[in-house]
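Chain and residue survey
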Amino acid sequence: MLCFAPLWDDLYAGQINTFVLLALALALLWSNRGSQVAAGTALAVAVVLKTSPLLLGLHFVVRRQWRAIGAAGVVVLLLSAAAALVWKVEYLGTYVDVSLRAANSRFDYMNLSPQVLWLRCCGEGAAAMLHKAVCVAALVFALRGPGVYARLVVVMTMASPLVWYHHLVYLLVPIVALLRTAPLAAWMAVGLIQVERPVADHWPALAAVPTVLAALVLYCARYGGRDGVTAARDTSDRPAA
């Protein structure tokens with residue numbers, strides 16, 4: 001992790017994504033160990049920091065971990081209420097507004113979204129439609145078979161029309177999940193992500209190509225039965241040590 005370039009970009013820019021990554025990793029770990037309330041709480045922390053992890057709620061739906069979904073909903077409401085109490089209610093509306101504007105952003109410098117590639121090939125209007133179609137198809141197929149959580153993280157990371165380099169820190173979740181079942185795919189993705197900046201700087205026409213290839217590798221790779229993380233048999237709500 002400490003050698004992963006997006007992490008250093010995250011720290012240099014003072015971004016919140018490293019804390020979101022920790023919450024996402026804990027949500028998966030506790031979900032695999034049967035600690036549903038703890039898993040839902042971790043997901044809620046990720047959601048109040050970034051809206052995109054809402055997509056990972058589908059992981060709990062697939063596993064029928066309804067207590068995790070309930071816990072996530074309650075904790076999101078409590079944390080939002082605390083934020084409104086400490087600051088202003090208007091700030092919650094600002095957070096939603098900024099999130100929606102980011103979700104509808106267009107091409108920007110160093111944007112690594114797949115939509116950038118579609119834009120170069122087929123124009124703005126067609127690119128937006130193609131991006132939505134690909135993301136919906138990827139989401140549907142991500143819910144089948146093992147590795148649901150890891151594939152959802154890939155879709156979550158790449159679905160936005162605006163993807164910056166520090167966002168790629170989320171891809172450590174599927175990368176680590178693959179280290180046991182498909183290490184070659186994991187390290188191939190790491191290598192592609194590491195060279196994204198030099199490629200974009202020296203060959204701007206190829207910007208986002210390494211990142212999209214890495215996401216494709218992580219999405220199509222073979223995952224273990226529980227996203228590559230050993231699951232305990234205990235199904236209680238007590239967080240595992």
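Shown above is the structure to which this text applies.
Figured I'd write up the structure that's included with this text. Please read these numbers as outputs of a predicted model, since none were measured by experiment. (Residues numbered from 1 in each chain as written. Predicted model: local features only at pLDDT ≥ 70, side-chain atom pairs only at ≥ 80, totals over all residues. Heavy atoms only, no water.)

Some points on the overall build of the protein chain
Note the cut-off: Each helix is a run of DSSP H or I of at least 4 residues and each strand a run of E of at least 2, with the numbering of both proceeding from the N terminus. Exposed residues in this analysis have more than 50% of their type's maximum accessible area, buried residues have under 20%, and partly exposed residues fall in between, with area computed by a 1.4 Å probe over protein chains only. Contact between two residues is taken to exist if any of their heavy atoms lie within 4.5 Å; hydrogens are not considered.
Summing up its helical and strand segments, the protein chain has 13 helices and zero strands in all. Expressed as a percentage of its 241 residues, the buried residues of the protein chain come to 44%. Counted over contacts in the protein chain with a minimum sequence separation of 6, partners at least 24 positions apart contribute 73%.

A look at helix H5 (residues 66–86)
Stated precisely, the cut-off is as follows: Between the first and last residue of a helix there are one fewer steps than residues, each counted as 1.5 Å, and that sum is the expected span.
End to end, H5 covers 30 Å across 21 residues, agreeing with the expected 30 Å (1.5 Å per residue, within 8%). For H5, the full list of buried residues reads Ala 68, Ala 71, Ala 72, Val 75 and Ala 84.

A short note on the nonpolar core
As a reminder of what qualifies: Residues grouped as a nonpolar core are buried Ala, Val, Leu, Ile, Met, Phe, Trp, Tyr and Cys residues, joined through side-chain atoms within 4.5 Å.
Leu 24 and Ile 175 are the most contacted members of the largest nonpolar core, which totals 57 residues. For this core, the element with the highest residue contribution is helix H9 (residues 148–158), accounting for nine residues. Ignoring any residue separated from it by four or fewer positions in sequence, one finds Leu 24 in contact with Ala 46, Pro 53, Leu 56, Tyr 149, Met 156, Tyr 170 and Val 173.

Concerning unusual backbone geometry
Within the chain, Arg 64 stands out as a residue other than glycine whose phi angle is a positive 55°. Considering the arrangement of structural elements, one finds Arg 64 in the loop between helix H4 (57–62) and H5. Not every positive phi belongs to a glycine, and Ala 208 is a case in point at roughly 80°. Position of Ala 208 relative to the elements: it lies in the loop between helix H12 (196–202) and helix H13 (209–220).

Here's the deal with the side chain of Ser 31
For clarity, the threshold we go by: We define a polar contact as two N or O atoms separated by no more than 3.5 Å, with the added condition that, inside protein, one atom must be a possible hydrogen donor and the other a possible acceptor, whereas residues neighbouring each other in sequence contribute only through side-chain atom pairs.
Here Ser 31 is to be found in helix H2 (residues 17–32). At 2.7 Å, the side chain of Ser 31 and the side chain of Gln 65 are in polar contact.

Considering helix H7 (residues 114–122)
Residue pairs three or four apart in sequence face the same way in an α-helix, which turns once every 3.6 residues. Every buried residue of H7 is accounted for by Pro 114, Gln 115, Val 116 and Leu 117. Buried residues along H7 sit against helix H8 (124–142), H9 and H13. Remark: Gly 123 follows H7 within two positions and exhibits a positive phi of approximately 90°.

Some remarks on the side chain of Ser 113
Its location among the elements puts Ser 113 in the loop between helix H6 (90–103) and H7. Within the structure, the side chain of Ser 113 is placed 2.8 Å from the backbone oxygen of Ser 160, a separation counted as a polar contact. Those residues in contact with Ser 113, other than ones at most four positions away along the chain, are His 131, Met 158, Ser 160, Pro 161, Leu 162, Val 163 and Ala 208.

Some points on the pattern of salt bridges
Pairing between side chains of opposite charge can happen when their charged atoms approach one another. For clarity, the threshold we go by: We define a salt bridge as a side-chain nitrogen of Lys or Arg found within 4 Å of a carboxyl oxygen belonging to Asp or Glu.
A complete count under the given rule lists one salt bridge for this structure. A salt bridge links Arg 197 to Asp 9; its shortest N-O distance comes to 3.3 Å. A residue pair is termed long-range when its members are at least 10 positions apart, and Arg 197 in helix H12 and Asp 9 in helix H1 (residues 5–13) qualify at 188 residues. On the accessibility criterion, Asp 9 (16% relative accessible area) is buried.

Details of the environment of Gln 115
Inspection of the secondary structure assignment puts Gln 115 in helix H7. According to the relative accessible area criterion, Gln 115 is buried, its value standing at 16%. Once residues lying within four places of it in the same chain are set aside, the contact partners of Gln 115 are Ala 127, Ala 128, His 131 and Pro 161.

Description of a nonpolar patch on the surface
For the record, the criterion: Exposure above 30% relative accessible area and no salt bridge define the residues that can form patches, which grow by joining like charges within 9 Å and nonpolar side chains of Val, Leu, Ile, Met, Phe, Trp and Tyr within 5 Å. Surface accessibility in these figures is a Shrake-Rupley result with a 1.4 Å probe; residues are shielded only by whichever protein chains are displayed.
A grouping of Met 1, Leu 2, Trp 8 and Leu 11 is seen on the molecular surface, where their side chains present a nonpolar patch of about 490 Å² in accessible area. The residue Met 1 is located in the segment before H1 in this model.

Re the packing of helix H11 (residues 183–194) against H13
Note the following rule: Whenever a helix is involved, its axis is fitted only over the stretch in contact; in every case the axis is a line through C-alpha atoms, and angles between N-to-C directions fall within 0 to 180 degrees. Any angle that is under 35 degrees is reported as roughly parallel, and any over 145 degrees as roughly antiparallel; angles of 65 to 115 degrees are reported as roughly perpendicular and all others as oblique. Crossings are sorted by hand: turned counterclockwise from the far helix by less than a right angle, the near helix makes the crossing left-handed, and turned clockwise it makes it right-handed. In the scheme used here, Gly and all other residues not listed as nonpolar or charged are polar, with Ala, Val, Leu, Ile, Met, Phe, Trp, Tyr, Cys and Pro taken as nonpolar and Asp, Glu, Lys and Arg as charged.
Remark: H11 packs on H13, axes separated minimally by 8 Å, with the N-to-C direction vectors making an angle of 165°. As far as their axial angle goes, H13 and H11 are roughly antiparallel. Note that H11 runs across H13; the crossing there is left-handed. Taken together, the residues of H13 that come into contact with H11 (itself represented by Ala 185, Met 188, Ala 189, Leu 192 and Ile 193) are Pro 210, Leu 213, Ala 214, Val 217 and Leu 218. Partitioned by chemical class, the residues of the contact of H11 with H13 number ten nonpolar, no polar and no charged.

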